[in-house]
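Observations on the three-dimensional arrangement
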Amino acid sequence: MSEFKIHHHVSELFALLGIRADAAERYTETLSESVERFINTQVSASSAVRILAENAPNPQAFLNKYDELKSRNVRDLDPLVVFLSGLVEDETVRKAVEGSSKLRLQEEGMTLTTVPSIVSDIEHAAETKLSKDQLNELRDRLLRESQVMHAPSEALRSVERGEKRTVRLGPPTPTWLDNRPYLSLDFVKLEHRQAIGALGDVASTSQEHQLIEDVLSVMMGVEGMYITVQPPAKHYDAPEFTVDPSVEPSLSTLVSRILPLCGYYSQLIRFVENKSCYHHGLVNQALSAAITNLIKDYMLLVTQLEEQHQHWALTLHKLYFYVEKTMAVMDMLACVTRVISKSEAHGGAVLSILHDRTVSLTGCGQLQHVMVFLTQSAAVPYMNMLAKWLYRGIINDPYNEFMVVDRESGNEENEDEDLADDYWEKRYSTIPHNIPTFLQAHANVILRTGKYLNVIRQSDRSVVCPDQEELVYSVRGCSYAEVIERTYNFASKRLLELLMKEKDLMGRLRSVKHYFLLDQGDFVVQLMSLCEDELSKNIDDVVPTRLESLLELALRTSTANYDLYKDDIECDLQPITLMNQMLRILSIETEDERDYYPQDERLQLTGLQGFSLGYRVTWPVSLVLDRKTIACYQMIFRHLFYCKHVEKLLCRVWVSNKVAKSFPLSASRTYTAAFALRQRMLNFIQNIEYYMMFEVIERNWQTFINKMQKVENVDEVLAFHNDFLSGCLKDCMLTSPELLRMISKLTSICVSFANFIERMRKYYLEAELWMSDERRDSIDREESPEPAATTHEDSQSFEQTISRFELQFSGMIYTLMERISEMGRDNYNDALVNVIYRLDFNMYYAKKHEHLRMATSPEASLEYNSGPVSAEYDSQHT
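This is a predicted model, so every value here is computed, not measured.

Here we come to the overall build of the protein. Of regular secondary structure, the protein possesses 38 helices and six strands. For the protein, buried positions account for 44% of its 878 residues. A sequence separation of at least 24 residues applies to 75% of the contacts in the protein between residues at least 6 apart. Taken as a whole, the protein presents about 47,700 Å² of accessible surface, with 53% of it coming from carbon and sulfur.

Turning next to the environment of Leu 185. Relative to the assigned elements, Leu 185 resides in the loop between α10 (176-179) and α11 (204-219). Every residue in contact with Leu 185, bar those within four places of it in the chain, is listed here: Met 220, Gly 221, Tyr 265, Ile 269 and Glu 273.

This part covers unusual backbone geometry. Keep in mind that most residues, glycine aside, have a negative phi and that most peptide bonds are trans. Following Trp 619, the chain continues to Pro 620 via a peptide bond in cis, the omega torsion being 5 degrees. Residue Asp 504 is not a glycine yet carries a positive backbone phi of 50 degrees. Secondary-structure assignment places Asp 504 in the loop between α19 (478-502) and α20 (505-516). Asp 504 sits in the partly exposed class, given a relative accessible area of 27%. In this structure, Leu 518 is a non-glycine residue whose phi angle is positive, near 55 degrees. Along the chain, the position of Leu 518 falls in the loop between α20 and α21 (521-535).

Let's shift gears to a nonpolar patch on the surface. A surface patch of nonpolar side chains, amounting to about 330 Å² of accessible area, comprises Leu 80, Phe 83, Leu 84 and Leu 87. Structurally, Leu 80 can be placed in helix α5 (residues 77-89).

Let us now look at the side chain of Asn 434. Summarising the element assignment, Asn 434 is placed in the loop between β4 (428-430) and α18 (443-459). You can call Asn 434 buried: its relative accessible area is 1%. For Asn 434, the contacting residues outside a window of four places in its chain are His 346, Gly 348, Ala 349, Tyr 382, Asn 400, Glu 401, Phe 402 and Met 403.

What follows covers the pairing of strand β2 (residues 240-243). Alternating positions in β2 separate cleanly, Phe 241 and Val 243 being buried on one face and Glu 240 and Thr 242 remaining unburied on the opposite face. Both strand β1 (residues 227-230) and β2 contribute to a ladder of four bridges, which runs antiparallel. Across the sheet, residue Val 229 finds its bridge partner in β2, namely Phe 241.

In this model, helix α30 (residues 714-731) (18 residues) spans 26 Å end to end at C-alpha, consistent with the 26 Å of a helix rising 1.5 Å per residue. Where α30 is concerned, the buried positions are Val 714, Asp 715, Val 717, Leu 718, Phe 720, His 721, Phe 724, Leu 725, Gly 727, Cys 728, Leu 729 and Asp 731. Just downstream of α30, Met 733 is the residue with a positive phi angle, here 65 degrees.

Our next topic: the pattern of salt bridges. The final tally for this structure, using the stated rule, is 19 salt bridges. A salt bridge links Arg 508 to Asp 568, with the shortest nitrogen-to-oxygen separation between them at 2.3 Å. Pair noted here: Arg 508 is in helix α20 and Asp 568 is in the loop between α22 (544-556) and β5 (569-573), with a separation of 60 residues, a long-range link. With a relative accessible area of 11%, Arg 508 lands in the buried category. Residue classification places Asp 568 among the buried positions, given a relative accessible area of 17%.

Once that is clear, we can look at the side chain of Asp 397. Here Asp 397 shows up in the loop between α16 (365-392) and β3 (404-406). Buried charge Asp 397 goes without a salt bridge, the closest partner of opposite sign being Lys 388 at 11 Å. If we ignore the near neighbours within four places in the chain, the residues touching Asp 397 are Met 385 and Phe 402.

The final tally for this structure, using the stated rule, is 20 aromatic pairs. Plain terms: the ring middles of Phe 611 and Phe 641 are 5.3 Å apart, the flat faces sit at 50 degrees to each other, and that makes the pair tilted. With a gap of 30 residues between them, Phe 611 in strand β6 (residues 611-615) and Phe 641 in helix α27 (residues 627-657) connect regions that are remote in the sequence. Of the two residues examined, Phe 611 and Phe 641, each falls in the buried class. Among the aromatic residues, those joined into a cluster by ring pairs are Phe 516, Phe 611, Tyr 615, Tyr 633, Phe 637 and Phe 641.

Take Ile 353: it is sitting in helix α15 (residues 348-360). In this structure Ile 353 comes out as buried when scored by relative accessible area, which is 8%. Measuring from C-alpha to C-alpha, the distance between Ile 353 and Thr 337 comes to 9.6 Å, with 16 residues separating the pair along the chain.

Attention shifts here to the confidence of the model for the protein. The share of residues in the protein with pLDDT of 70 or more is 69%, and the mean pLDDT across the chain is 75. By mean pLDDT, the top-scoring element of the protein is helix α13 (residues 281-310) (91), and the lowest-scoring one is helix α38 (residues 868-877) (40). The low-confidence segment residues 36-43, where pLDDT is below 50, has two contacts with residues more than four positions distant or belonging to other chains. When the criterion is pLDDT under 50, residues 587-602 qualifies, and its contacts beyond four places in sequence or with other chains add up to 34 contacts.

Here Ser 341 lies in helix α14 (residues 316-343). Taking the C-alpha atoms as reference points, Ser 341 and Phe 271, 70 residues apart in sequence, are found 7.5 Å from one another. Once residues lying within four places of it in the same chain are set aside, the contact partners of Ser 341 are His 235, Tyr 236, Phe 271 and Lys 275.

What follows is about the packing of α11 against α14. Between α11 and α14, whose axes approach to 10 Å, the crossing angle comes to 25 degrees. As the angle between them shows, α11 and α14 are arranged roughly parallel. Residues Glu 208, Ile 212, Val 215, Leu 216 and Met 219 of α11 form the contact with α14, whose own contacting residues are Leu 316, Leu 319 and Val 323. Of the residues belonging to the contact of α11 with α14, the class tally is seven nonpolar, no polar and one charged.

Definitions and limits used
- Residues numbered from 1 in each chain as written.
- Predicted model: local features only at pLDDT ≥ 70, side-chain atom pairs only at ≥ 80, totals over all residues.
- Heavy atoms only, no water.
- Helix = DSSP H or I, 4+ residues; strand = E, 2+ residues; numbered from the N terminus.
- Buried < 20%, exposed > 50% of the residue type's maximum accessible area, 1.4 Å probe, protein only.
- Contact = heavy atoms within 4.5 Å.
- Areas by Shrake-Rupley, 256 points an atom, 1.4 Å probe, with all protein chains shown as cover.
- Patch = residues over 30% accessible without salt bridge, like charges linked within 9 Å, V, L, I, M, F, W, Y side chains within 5 Å.
- Salt bridge = Lys/Arg side-chain N within 4 Å of Asp/Glu carboxyl O.
- Pairing = 2+ DSSP bridges.
- Expected span 1.5 Å × (residues − 1).
- Lys, Arg positive; Asp, Glu negative; His and termini not counted.
- Phe/Tyr/Trp six-rings, centres within 6.5 Å; stacked < 30°, edge-to-face > 60°.
- pLDDT = per-residue confidence, 0-100.
- Axes fitted to C-alpha atoms, helices over the stretch in contact; angles between N-to-C directions.
- Parallel < 35°, antiparallel > 145°, perpendicular 65-115°, else oblique.
- Nonpolar A, V, L, I, M, F, W, Y, C, P; charged D, E, K, R; others polar.

Printed below as a string of C-alpha cells:
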C-alpha cells in the first residue's frame, strides 16, 4: 500500500473517530513503519486469546465463540485476534475509541451499554415482579440498545444485499429429489411405526440374533425394530440411536459400541447427497465421488457380515471385531465432512481442510493413505484449472472455486481498446479463502505466471508453454512446485522479451522522457514559441486542431524529427489546474486538500495553465504506460512547462531592460530595484528548473536505467518504473499540496511582475526618455482605444509597486525554504534540502527576513536599528 493510500485511510478513520484532521500527517509515517513491523513479528494467537478473554465481560462466551469459529476453519482468525489484543493492550487507542463512541452516542441521546448488563436485567425481570412502568422502561431500553449496538453497518447491508442477489451456479436441482425421500440412502423417518413387544421378554440368544439383524439394518441406513433413530438437530451432526431398554445390559453395551459407526455412515451419506449438487462446485463433487467409492467398500463389508449372519455364524463380539478398524476410518471421514459442512467450505477451502488433516495424520499409515486418496481425488478438478492457468493463462472456473478470479471476464473482444487501466493490479487477483494451504507459498508466482501468459496469448496466440505435465496432489508438493517454477520462468522470460525487444519498451520510455520531462531542449523552445499566442487565450477559446498543427510543426522542425515514436505525441488540454490534477491522481481527497479546489477554476484557466501532452500507447506497452502513469508524466510536464514559460517572461523583461544601461545615472536609479528583483526571480526559477531536471529527474533516471539492466520479470519493470515516477513526483514537490501551492504563488508573483514591467515600460520609460508630455498624451489617445484599461498597479507609483512585489516574493520564498527545511528534517530527504542551498546560498533571504522581523517588532526595533546586525545588513545590501 502506498504512502498516499495510507494517508487517505488514516484521514478517513480520524474523521469517523472525531479526531483532528491535522493529526493524520503525524501518524501516516508511523503507521507505514508499523505495518512492516507487524508483518515481521510472530505473535502467539493463544496469548492473544487469553488477553482478550481476560478483558471480555463474559470470558467463557468469548472462548466459546472463538472455538466455534476455529472449528469452522475461518480464515485469518488468528491475525484478527492478535490485532484485537493489540488494541486492547494499547491504552491510548482504546480510550480514544471509547471516548469517541461515547461522545457520538451522547449526541444522539443514547448510552453505550454492554450486552451482559441487559441480559442481567432480563433475568432479573424474569425472577421478580415488575410494574408496568418498569417493564415499559426495560422494553424501551432494549429497543434503543438494539438499534445502536446491533444496527447493521453499510458494509453488512451491502453483503446482505449481495447474498440476496446471489444466484446458484450450474443447472438447477430437480424438485423431485426433495419430494421423494426414499431415494436417499440415509434414514427415513416413518410416520407410523408398528407396535412391537419388548425384546427383553425373549431368550438372550434370540435377543442377540435380533439385535445383530437390527444393527446390520442400521449400518445401511434403515431403522431397526428395536433400535430407533432420532434425526440430528443440525444436518452435519450424527443421529442419535436408542436401544430397547429391556435388552440385557451386556448386549446393550456391545450394541452401543457399534452404533457410532452407523452415525458416521449417516453423516457421510448426507454429505454425499448434499454436496453432489451442481452449485457446491467441482471439488465437492469430486470429494463426494471419492467418498462414494469408500462407501462401496463399506457396503461390501456389511454384505459379507449379513451373509455370516444368515448362516448363524455371527455374534455381537465378532461383529464388533470385524468393524473395529473400519470404525476408525469412518470416524475420520465423518469428522472431515462435518468440518466442511459446518464451515460451508468451497473450492480451495475444501482442499485446505483435507490437506491439513492429511498432514496431521503423519505416522498413521492406513488413515493417512485414505486421506491422501480423498485429497488427490478432490484436487483433480482444481489441478485441471491450475494447469490451464499455468500453461495457457486461461481461467475455466464455472463455480468460483479457483484461487485466481478474472474481474473482467467476458470483455475480451474490447480488450485492445482500453486494457491498461489498472489491468495489472485489478483484473486478475487472488481470493485468499480459495488458495489451498499446500499452494499458499506459490500463490504469488501462480498469479503472475497466468497473467504473463494471458498477455502473451493476446499478443501472440501461437505461443505454447513447453513440457506440459499433469499436476497431481502430493503431501510434500515437490512435483507441482517444480512445474510452477518452470512455467513461471518461461512466461516471465517470454513476456520480458516481448516488451523489451519486440515492442521496444526502453525506446518508448526514452521517447516519453524526451517530451514529457523536457529532455529535448530545442523541441520545447520551438513548441513554446509557436504556441504562445494560442495558449495565452482562455482554455475554452483555444482551438485544439490548431494546437495539433503547431505541435506537428515543432516536432518536424526540431531534433525530435528523428524520434521513431514522435507520431504518438498529441496535445491534451486539461480542464483543471495542476493542483487539482495532482490531488485526483493521488486520490487523497481529505478535508485539507478540498480547500485547494476553486469552484470556478475553468473560467479563470488559460491555455498555458491547462496545456499538456498526451501519448498514444498500444497493447501490451500500455501495461507500463497506462493512464495513471501518463497522468503522472503530465503533472511533471505541466509543472516544468509553466516554469519554462515564467523563465521566458523574465528573460523578455531582461531583454527590454537592457536599454536602461544607456540611461544617465539619475534616470536609471528608478529601475534599480526592479532590475534586482527581476534577477532574483530569474535566479529562483532557473534554480528550481535545474534542481528538478538534473538533480531529481536525471538522477532517478540513471538509477532506473541501472535497475532495468538487471530486470528479470515484468513485475520488476512495473515496480522500478513506479519507483522512478514516485521519486520524481515527490522530489519535484508535486506530492505536497502545501509546497506546490507556494511554488504556484511564487510563479504567479513572477508573472504579475513581468506583466507589470511590460505595461509600465510604455508609460514610464518612453515618457521619461523619449517623449514629451504632449507627445505622450497624443500617442496614448491614438494607441489606447480604452482609456480605462490601466490597472490598479498603474495608478500607484512605480517604486511602491516594485516594493510590494519585492516583499511578496521575499516573504513567500522564505516561507517555502522554511517549510522545505522542516520536511527535510522530518523525512530525511537530502534531495529536497538541496533546494535551500541553491535558493539561499549566501543567506540573503534568511538575513533579510530576520531584518524585517526585528524591524517590525516594537520591543526590538530601537535596539535593532542601532545594533551591529543592522549595520552589517546595510553594508551588504545597500
